[in-house]
Amino acid sequence: MKLMRGKNMKIQDVLIYFLISLIVNVSYASLSFNTTIIEEVIGRDAEDFLFSFSFENTGKTPVKILDIITSCGCTAVSCDKLMYLPSEKGKLNGKFIVGNLTGLQEKNIIIKTDSISSPLITLQLRLIIPTSITIKPGILVWRLHEPPNGKRVMLKINPDSNLKFENIAYDSSEFNVITEKISELEYELTIIPVRTDAIIHNMLNITCTGDNNMKHEYVIHLLRKCCLLYTSDAADD
């Protein structure tokens, strides 16, 4: 009985050692990134921003990427492949769509792996898109049947944008607009509804001219609603 018990103890010791070794090896499987944050200032006229994160499997066992999740639909990413052997290097490539976004844009990218020690890796983009023009407010709202009083909008052009105010376009059957030039870079618009007896969603279009006579279009939303549900303090482009 003592002999059998001794053999059982040795088998248990071997199994425990094997399990500990397996856990230790797996736990050391990890993707190590050169940097987890990219900070850049994007050109004002850029349509998109291309980026990449370089990494290496610094562990002793293979690591598999299970999923890649972005915090915004404006960010698309792809990887060279999904499985990385020990000491193998790779890149995560991506594209950020600028669109009409301005100011500081912080976007997260979460990588899910089968690593026990680091199953989730968070990467971040911190991008600054200079503002060409500031429109405050970007939405004007009148309640149905309220007095058709004028509302003011301030338009300021960033001097570094090289934009010049050109003209405005709107539905004159629904609104009257008074444009006051304060300076070459600042204008005040007074927008007066012709009537307030019908629900409407209209727009006032602002055209500015940039380098090489390129046209830049901006919009102020003009709403007549049953009740005042939402207003916006600013619209930056």
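Residues numbered from 1 in each chain as written. Predicted model: local features only at pLDDT ≥ 70, side-chain atom pairs only at ≥ 80, totals over all residues. Heavy atoms only, no water.

## Topic: the sheet that holds strand 3 (residues 48-57)
(1) Moving on: One open sheet accounts for 4 strands, arranged 1-3-7-5; its pairing is antiparallel. Only two strands of the sheet have a single neighbouring strand rather than two, namely strand 1 (31-33) and strand 5 (75-79). Strand-to-strand twist of the sheet, defined as the mean angle between neighbouring strand axes without regard to direction, takes the value 30 degrees.
(2) Moving on: Pairing between strand 3 and strand 7 (residues 89-97): 9 bridges, direction antiparallel. In the sheet register, F55 faces strand 7, and the bridge partner there is G90. (Pairing = 2+ DSSP bridges. Helix = DSSP H or I, 4+ residues; strand = E, 2+ residues; numbered from the N terminus. Axes fitted to C-alpha atoms, helices over the stretch in contact; angles between N-to-C directions.)

## Quick notes on the nonpolar core
(1) Moving on: Counting residues in hydrophobic clusters, the biggest one holds 23 residues, and the most contacted among them are L31, F33, F51, F53 and F96.
(2) Moving on: Among the secondary structure elements, those contributing two or more residues to this core are strand 1, strand 3, strand 4 (63-70), strand 7, strand 8 (103-113) and strand 9 (120-129).
(3) Moving on: The biggest single contributor to this core is strand 9, with 5 residues.
(4) Moving on: Ranked by size, the runner-up nonpolar core spans 20 residues in total, among them I135, V153, L204 and Y218. (Core = buried A, V, L, I, M, F, W, Y, C linked by side-chain atoms within 4.5 Å. Buried < 20%, exposed > 50% of the residue type's maximum accessible area, 1.4 Å probe, protein only.)

## Regarding the sheet that holds strand 8
(1) Moving on: The strand order 2-9-8-4-6 describes an open sheet built from 5 strands, whose pairing is mixed. Whereas interior strands pair on both sides, the edge strands pair on one side only; in this sheet they are strand 2 (37-41) and strand 6 (83-84).
(2) Moving on: Strand direction decides the pairing type here: strand 4 and strand 6, joined by 2 bridges, are antiparallel. When the sheet's bridge partners are listed, V63 is paired in strand 6 with Y84.

## A look at the side chain of Q124
(1) Moving on: Turning to its location among the elements, Q124 is positioned in strand 9.
(2) Moving on: Overall, Q124 belongs to the buried group, its relative accessible area being 15%.
(3) Moving on: The residues contacting Q124, other than those within four sequence positions of it, are T36, I37, I38, F53, E106, K107 and N108. (Contact = heavy atoms within 4.5 Å.)

## Side note on the pairing of strand 15 (residues 186-193)
(1) Moving on: A large share of strand 15 lies buried, amounting to 6 of its 8 residues.
(2) Moving on: One ladder, built from 6 bridges, connects strand 12 (residues 151-157) with strand 15; its direction is antiparallel. Its bridge partner being in strand 15, K156 is matched across the sheet by E186.
(3) Moving on: Here strand 14 (residues 175-183) runs beside strand 15; their pairing, made up of 8 bridges, is antiparallel. Of the residues in strand 15, the one forming a bridge with N176 is I192.

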